[in-house]
Amino acid sequence: MNNIKIDVRMKLLSPLSHFGDERLGTMQIMRTNKLLVDGEFMDIPVYSGNGFRGQFRRIAMRDYLERLGIAEEGISEKLYYTLFTGGALVGGARYVEVGERRRIRKLCPPLALLGTAIGDQILQGKMKAPIFLPICKETVDYTGIESDISFYDMLEEVFYTRKDDLKSVEYNIKEEVAKKKNDDPVQMKYEMQCLSAGTELIGTILIENVNKIEEAMVNATLKKLKEVPFIGGKSAAGHGQVDIQYDELESEETYYNYLEENKEEMRQWIREVEEALK
């Protein structure tokens, strides 16, 4: 086993909306981190490691359950939280009856990498997700990539309005609703600060003590992300489409063959965990 680093590079094909907690009036502001640039701390727009890790987990766990034939059968709410969101500590849960940590890592490679809370114990994951930085002149010291473009030039303000469809389309609607058609239309304008299409983001995934099965699982998950290549918010409106490039990894078939060979044992383990979490 060894430690591996995976450089992931994402080029935005449409504006990225990924917000922090700040607002300027009705404007939602791009998420930023402070970086030291030329002796001064600056707020640099980023795509957070938490955002990437959460999306990676959802893709990996769904793929895992689908390969085992469990996704169609369904799982309990508590098991869903354990697998898809990192779980929650529950005092007195019968975790010991489920099995020890080595068995969990063997039977569920996504949890080996991403970790979770099961019952009253925390299983720490092996994967360290990166904070993705834009490739720009302010981040040269952090990315090692030269650029003449400032992140200020990458930011844009996107405006949207929500139209009152009741004013523009006739439907067979109830009388009390129809009376409102004579009122002023209900419309809303909202604004977002985004990173523009063409911006390139870079980050490095670090995985400790990885084996070939886990490395192949990372490859399988990143390939799934490339099939529906959207990150951040408002993807339903076309935001956050990316072209993803990353280092060569162990073939995903190594992972899928492992799941097939251990399918019945994994299915039994999943249902044991589900029962223990009741």
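One can find the structure itself at the top, above this paragraph.
Let us look at the structure shown here. (Residues numbered from 1 in each chain as written. Predicted model: local features only at pLDDT ≥ 70, side-chain atom pairs only at ≥ 80, totals over all residues. Heavy atoms only, no water.)

**Considering the overall build of the protein chain**
So, point 1. Looking only at helices and strands, the protein chain features 10 helices and 13 strands.
So, point 2. Burial analysis of the protein chain (278 residues in total) assigns 45% to the buried set.
So, point 3. Nonlocal contacts in the protein chain, meaning residues at least 24 apart in sequence, comprise 75% of its contacts between residues at least 6 apart.
So, point 4. In the structure as shown, the protein chain presents an accessible area of about 15400 Å², 46% of it carried by carbon and sulfur atoms. (Helix = DSSP H or I, 4+ residues; strand = E, 2+ residues; numbered from the N terminus. Buried < 20%, exposed > 50% of the residue type's maximum accessible area, 1.4 Å probe, protein only. Contact = heavy atoms within 4.5 Å. Areas by Shrake-Rupley, 256 points an atom, 1.4 Å probe, with all protein chains shown as cover.)

**Focus on the environment of Ile205**
So, point 1. Topologically, Ile205 is positioned in strand 12 (residues 200-210).
So, point 2. Considered as a pair, Ile205 and Ile6 are 199 residues apart in the sequence and their alpha carbons are 5.0 Å apart.
So, point 3. Residues within four places of Ile205 in sequence aside, it is in contact with Ile4, Lys5, Ile6, Val8, Phe52, Met127, Lys128 and Pro130.

**A short note on a nonpolar patch on the surface**
So, point 1. Taken together, the side chains of Leu36, Phe41 and Tyr142 present a nonpolar region at the surface, about 310 Å² in accessible area.
So, point 2. With respect to the element layout, Phe41 can be found in strand 5 (residues 40-45).
So, point 3. Looking at Phe41, the relative accessible area reads 55%, which means it is exposed. (Patch = residues over 30% accessible without salt bridge, like charges linked within 9 Å, V, L, I, M, F, W, Y side chains within 5 Å. Salt bridge = Lys/Arg side-chain N within 4 Å of Asp/Glu carboxyl O.)

**Quick word on the packing of aromatic side chains**
So, point 1. Enumeration according to the criterion identifies 7 aromatic pairs in this entry.
So, point 2. Relative to Phe84, the ring of Tyr80 lies with its centre 4.7 Å away and its plane at 15°, an arrangement referred to as stacked. Residue Tyr80 and its partner Phe84 are both found in helix 2 (residues 77-84); the two are separated by 4 residues, about one turn of the helix.
So, point 3. Of the residues examined, Phe84 reaches a relative accessible area of 9% and is grouped as buried.
So, point 4. Taken together, Tyr47, Phe52, Phe56 and Phe132 form an aromatic cluster joined through their ring pairs.
So, point 5. The residue whose ring lies beneath Arg67 is Tyr256, and the NZ or CZ to ring-centre distance is 3.5 Å. (Phe/Tyr/Trp six-rings, centres within 6.5 Å; stacked < 30°, edge-to-face > 60°. Lys NZ or Arg CZ within 6 Å of the ring centre and 35° of its normal.)

**Regarding unusual backbone geometry**
So, point 1. Phi at Asp38 is positive, roughly 55°, even though this residue is not glycine.
So, point 2. For Asp38, the location among the structural elements is in the loop between strand 4 (32-37) and strand 5.
So, point 3. Looking at Asp38, the relative accessible area reads 78%, which means it is exposed.
So, point 4. Phi at Asn209 takes a positive value of approximately 50°, unusual for a residue other than glycine.
So, point 5. Inspection of the secondary structure puts Asn209 in strand 12.

**Brief notes about the pairing of strand 1 (residues 2-12)**
So, point 1. Here strand 1 runs beside strand 12; their pairing, made up of 9 bridges, is antiparallel. Its bridge partner being in strand 12, Met10 is matched across the sheet by Leu201.
So, point 2. Of the pairings in the sheet, the one linking strand 1 to strand 13 (residues 242-246) comprises 5 bridges and is antiparallel in character. Counted as the bridge partner of Lys11 is Asp243 from strand 13. (Pairing = 2+ DSSP bridges.)

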